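# Commentary on secondary and tertiary structure
Spelled out from the first residue to the last, the chains are:
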Amino acid sequence: MTDDIERDAAHRPWPIPRSPWIMFQSWQRLLFAHWPVPIEMLRPLVPASLVIEEFDGTAWVSITPFWLTGLHARFLPPLPFASEFPEMNFRTYVRAGSKPGIFFFSLDAGSRLAVMGARTAYRLPYFHSDMKIVSDADWIRYSSRRRSEPNPEFIARYRATGTAFQPRPGTIEYFLTERYVLYTMFPGGFLARGEIHHGPWNLQPAEALIEVNTLARAHRITLPDRPPLLQYSARQDTLIWAPSLV
């Protein structure tokens, strides 16, 4: 299966890294919830070495709850109790040099081992949270409450509402989803990036009923008083490379 993922690379904006990937993950039942925010609000929260990218004259932030499964290192099987769990990230869209990517304000996971591993290897802002994801007919019920202060919460129901499509270059959907690198800061203020690879996103229009959302506020970001732009993805199998200094 991973060989098939590597061969499907014609859609990428740059070639797959020559070094071997180190980790596989499958992201399933994923919701994209996107909001426009002023770039001035994000600038103090994003490293100065990263350019914050805008679309239609504004920066964007996104919350993406999903179910992570099949997590394993290259040549190793998935570990019991550490390969499947809910995850949710809160992110914005950035660029270093010619490579557009993602910068994470936070990542919440239902696995303590996964949190420890990601914090150590990638220096990503992972947090252990009490999380639950349940399928209810065609709806997905999702809840998350971080165990550390200030305990931000996200509680929502969401579902796909239309036919799947692959986003076209130049569209807002492409800008927000088709990104193949994440950026993080290593000790000493050094910028690093981790390459990822997957097939083109198959997105569906979605609807969501968000009951509680204090995640952005915990990061001093105020979301606009408007419904988010929503997409749903049933599954995205992903290869991940070790981070390297930019």
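Everything below is about the structure shown above.
The following refers to the structure shown. This is a predicted model, so every value here is computed, not measured. (Residues numbered from 1 in each chain as written. Predicted model: local features only at pLDDT ≥ 70, side-chain atom pairs only at ≥ 80, totals over all residues. Heavy atoms only, no water.)

## Comments concerning the overall build of the protein
- A count of helices and strands for the protein gives five helices and 13 strands.
- A compact globule built from 246 residues should have a C-alpha radius of gyration of about 18 Å, and the protein, at 17 Å, falls within 12% of that.
- Judged by the C-alpha coordinates and their principal axes, the protein covers about 45 × 40 × 40 Å.
- For the protein, buried positions account for 53% of its 246 residues. (Helix = DSSP H or I, 4+ residues; strand = E, 2+ residues; numbered from the N terminus. Rg over C-alpha atoms; globule rule 2.2 N^0.38 Å. Buried < 20%, exposed > 50% of the residue type's maximum accessible area, 1.4 Å probe, protein only.)

## Examining unusual backbone geometry
- The step from Glu 149 to Pro 150 runs through a cis peptide bond, and the omega angle for that step is 10 degrees.
- Mapped onto the elements of the fold, Pro 150 is located in the loop between strand 7 (139-146) and strand 8 (153-160).
- Its identity as a non-glycine residue notwithstanding, Asp 56 has a phi of 55 degrees, on the positive side.
- Structurally, Asp 56 can be placed in the loop between strand 2 (51-52) and strand 3 (59-73).

## Focus on the packing of aromatic side chains
- By the definition in use, this model includes eight aromatic pairs.
- With 5.9 Å between their ring centres and 90 degrees between their planes, Phe 103 and Phe 105 make a pair best called edge-to-face.
- You can call Phe 105 buried: its relative accessible area is 9%.
- Taken together, the aromatic side chains of Trp 27, Phe 32, Phe 66 and Trp 201 make up a single cluster linked through ring pairs.
- The ring of Trp 139 has Arg 157 sitting right over it, with the charged end atom 4.6 Å from the ring centre.
- Against the face of Phe 175 rests Arg 179, its NZ or CZ located 4.6 Å from the ring centre. (Phe/Tyr/Trp six-rings, centres within 6.5 Å; stacked < 30°, edge-to-face > 60°. Lys NZ or Arg CZ within 6 Å of the ring centre and 35° of its normal.)

## A closer look at the side chain of Glu 53
- One can find Glu 53 in the loop between strand 2 and strand 3.
- Among the residues examined, Glu 53 registers a relative accessible area of 15% and is labelled buried.
- Residues in contact with Glu 53, not counting those within four places in the same chain, are Thr 58, Ala 59, Tyr 93, Val 94, Arg 95, Pro 100, Phe 175 and Arg 179. (Contact = heavy atoms within 4.5 Å.)

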